[in-house]
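Coordinates in review
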Amino acid sequence: MLAKSNLMTMMIGRSLTRRTPVNLYIRLNTWFWPWIPPQISNSWPVRSYGRLFHRLVCRYAQRRQFTGTSFLRNRPQLELMRRLVDRKLQGSALKIAVLGCSIGADVYSILFTIRSARPDLAVTLCAVDYSAEVLTVAKEALYTNETCQLVGSSIFERMTDAEFREMFEGDTSRARVRSWIREGISWHLGDAGDPELVRGLGPQDIVVANNFLCHMQQSQAEYCLRNIAGLPRPGGYFFVTGIDLDVRTKVARELRWQPVTELIKQIHEGDLSVRRDWPYKWWGLEPLDVERDDWQLRYATVFQLNETG
């Protein structure tokens, strides 16, 4: 069954490289959408059309993983993590797992945020990615012009000059993360869909799975999400962005995750790169719709697991 599914995906992907009616329709809408004035694109009828079009894009897209990232990518989400650590998570030690860590921008942004606010806290972090190449870059913690070429953009573009100086040694052509940020990290080559990974890492206070599940087909993303759902300890927190919202909502509802609604709107708008790519990219993030009955569950990116497990 899996082989047939993969074959069908390949056939659909190949068809989109030709001038099929679906391909032409997607290309036409992709070209046209950015020209729509905001007062029209934000209207209810056009948003409804956008949701239907985005479903079509997601269905036929040839999804693949990207290394694109940046430091301090979503500031409101980092601020919420800081607040939860400060208010909710008790004890002098904190265990974090970052899955799909890529070249390490999320890893170092998280540690910079938490250790700047709580230097008294003993933080250990497990960083995981399935690519040995990007893990090597992340472990080196040295970011050069070649790194930006690998990513496809400046990884420092969302930082202030003061933040850059506090976080790095050197300049933007050759920047190394400072040693006090790099402490306490273990690096793991692994697959988010592997049950052995969950057993090997053990329970975590915070689990971060940002911006890689959207690059999988929905069935694979759901399988991986259900697998790594076993990582947060009871009462712990799960941060998950960059995933098809239907998949995350389904899993969150069935596993009875409690959405953390604090800063939900700010986090939703916190990464403009994914907001502006909706609806014509599969990773695009739809506008937040508070008229939906399930809007808090659908748009929350942070969830707390039941204390009873």
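An account of the accompanying structure is given in this report. Fair warning: this is a prediction, and the values are worked out from it, not measured in the lab.

Time to look at the overall build of the protein chain. The number of helices and strands found in the protein chain is 16 helices and 10 strands. Since a compact globule built from 309 residues should have a radius of gyration of about 19 Å, the 20 Å found for the protein chain is in line with a globular shape. Reported as C-alpha extents along the three principal axes, the dimensions of the protein chain are approximately 60 × 50 × 45 Å. Per-residue burial over the protein chain gives 52% buried out of 309 residues. Long-range contacts, defined as pairs at least 24 residues apart, comprise 79% of the intrachain contacts of the protein chain with a sequence gap of at least 6. Total accessible area computed for the protein chain in this model is approximately 15600 Å², and 53% of it derives from carbon and sulfur atoms. A distance of 6 Å separates the average location of the 40 positive side-chain charges in the protein chain from that of its 33 negative side-chain charges.

What follows concerns the environment of Glu196. Note on placement: Glu196 falls in helix α11 (residues 195-201). Glu196 gets classed as partly exposed once you look at its relative accessible area, which sits at 48%. Considered as a pair, Glu196 and Asn227 are 31 residues apart in the sequence and their alpha carbons are 9.8 Å apart. Within the structure, the side chain of Glu196 is placed 2.5 Å from the side chain of Arg199, a separation counted as a polar contact.

Considering all chains together, one arrives at 15 aromatic pairs under this definition. Considering the side-chain rings of Tyr25 and Phe53, the 6.0 Å spacing of their centres and the 80° angle between planes classify their relative orientation as edge-to-face. Residue Tyr25 is found in helix α2 (residues 21-32), and its partner Phe53 is found in helix α4 (residues 44-60); the two are separated by 28 residues along the sequence. Given the relative accessible area of 34%, Tyr25 is considered partly exposed. Between Tyr143 and Phe168, the ring centres sit 6.4 Å apart and the planes meet at 85°, which makes this aromatic pair edge-to-face.

Quick look at the pairing of strand β2 (residues 122-129) now. Across the eight residues that make up β2, a large majority, six, are buried. This β-α-β element, strand β1 (residues 93-99) to helix α6 (residues 105-117) to β2, shows right-handed connectivity. Bridge count between β2 and strand β6 (residues 185-189): five bridges; the pairing is parallel. Paired with Ala127 across the strands is Trp187, a residue of β6.

Turning to the sheet that holds strand β8 (residues 232-239), a few remarks are in order. Neighbouring strands of a sheet are bound in pairs by backbone hydrogen bonds; such pairs are parallel or else antiparallel. Spatial ordering of the open sheet is given by β6-β2-β1-β7-β8-β10-β9, a layout of seven strands whose pairing is mixed. Every interior strand has two partners, whereas the edge strands, β6 and β9 (258-259), have only one. Where β1 and β2 come together, seven bridges link them in parallel fashion. Bridge assignment links Lys95 to a residue of β2, and that residue is Thr124. Its contacts with the sheet place α6 against β1, β2, β6 and β7 (204-209), and it is angled at close to 170° to β2.

By size, the foremost hydrophobic cluster in this structure holds 49 residues, and its most contacted members are Phe71, Tyr108, Tyr143, Phe168 and Ile206. If you tally residues by element for this core, the top one is α6, at seven residues. The contact partners of Tyr108, leaving out residues within four places of it in the chain, are Phe71, Ala138, Lys139, Ala141, Tyr143, Met167, Val177, Ile181, Arg182, Ile185 and Trp187. In terms of nonpolar packing, the next biggest core, distinct from the first, is built from 37 residues, Val128, Ala192, Leu213 and Ile264 among them.

This part takes up unusual backbone geometry. In the segment running from Trp278 into Pro279, the intervening peptide bond is cis, with an omega of 5°. Summarising the element assignment, Pro279 is placed in the loop between α15 (272-275) and α16 (295-299). A positive phi angle, close to 50°, is found at Leu72, a residue other than glycine. Within the secondary structure, Leu72 sits in the loop between α4 and α5 (75-87). One non-glycine residue, Asn211, lies in positive phi territory at about 65°. For Asn211, the location among the structural elements is in the loop between β7 and α12 (218-228).

Rules of the game
- Think of each chain on its own: its residues are numbered from 1, step by step along the sequence as written.
- Under the rules for a predicted model, residues below a pLDDT of 70 receive no local features and side-chain atom pairs below 80 are neither given nor counted, while totals for whole chains, interfaces and linings still include all residues.
- Hydrogen atoms and water are omitted, and side-chain values are computed over all heavy atoms in the structure.
- To qualify as a helix, a DSSP run of H or I must reach at least 4 residues; to qualify as a strand, a run of E must reach at least 2; elements of each kind are numbered from the N terminus.
- For the radius of gyration, the atoms used are the C-alpha atoms, and the globule rule reads 2.2 Å times the number of residues raised to 0.38.
- Remark: exposure states derive from per-residue accessible area (1.4 Å probe, protein chains only) relative to the maximum for the residue type, with buried under 20%, exposed over 50%, and partly exposed in between.
- A contact between two residues is defined here by any heavy atoms of the two lying within 4.5 Å.
- For the accessible areas, the method is Shrake-Rupley and the probe is 1.4 Å, while residue cover comes only from the protein chains on display.
- The charge count treats Lys and Arg as positive and Asp and Glu as negative. His and the chain ends do not count.
- Here the site of a charge means NZ on Lys, CZ on Arg, CG on Asp, or CD on Glu.
- A 3.5 Å cut-off defines polar contacts: any pair of N or O atoms within that distance qualifies, except that in protein one atom must be a possible hydrogen donor and the other a possible acceptor, and neighbouring residues in sequence count only when both atoms are side-chain atoms.
- Centres within 6.5 Å make a pair out of two Phe, Tyr or Trp rings, where for Trp the six-membered ring is used; the pair is then stacked when the planes are under 30 degrees apart, edge-to-face when over 60, and tilted otherwise.
- The path from the first strand over the helix to the second decides the hand: if it runs clockwise while the strands point away from the viewer, the crossover is right-handed.
- When DSSP finds at least two bridges between two strands, those strands are taken to pair.
- In this description, a line fitted to the C-alpha atoms serves as the axis of each element, helices being fitted only across the stretch in contact, and the angle between N-to-C directions of two axes falls anywhere from 0 to 180 degrees.
- Here, nonpolar core means buried Ala, Val, Leu, Ile, Met, Phe, Trp, Tyr and Cys residues that are tied together by side-chain atoms lying within 4.5 Å of each other.

Nothing here speaks to function; it is all geometry.
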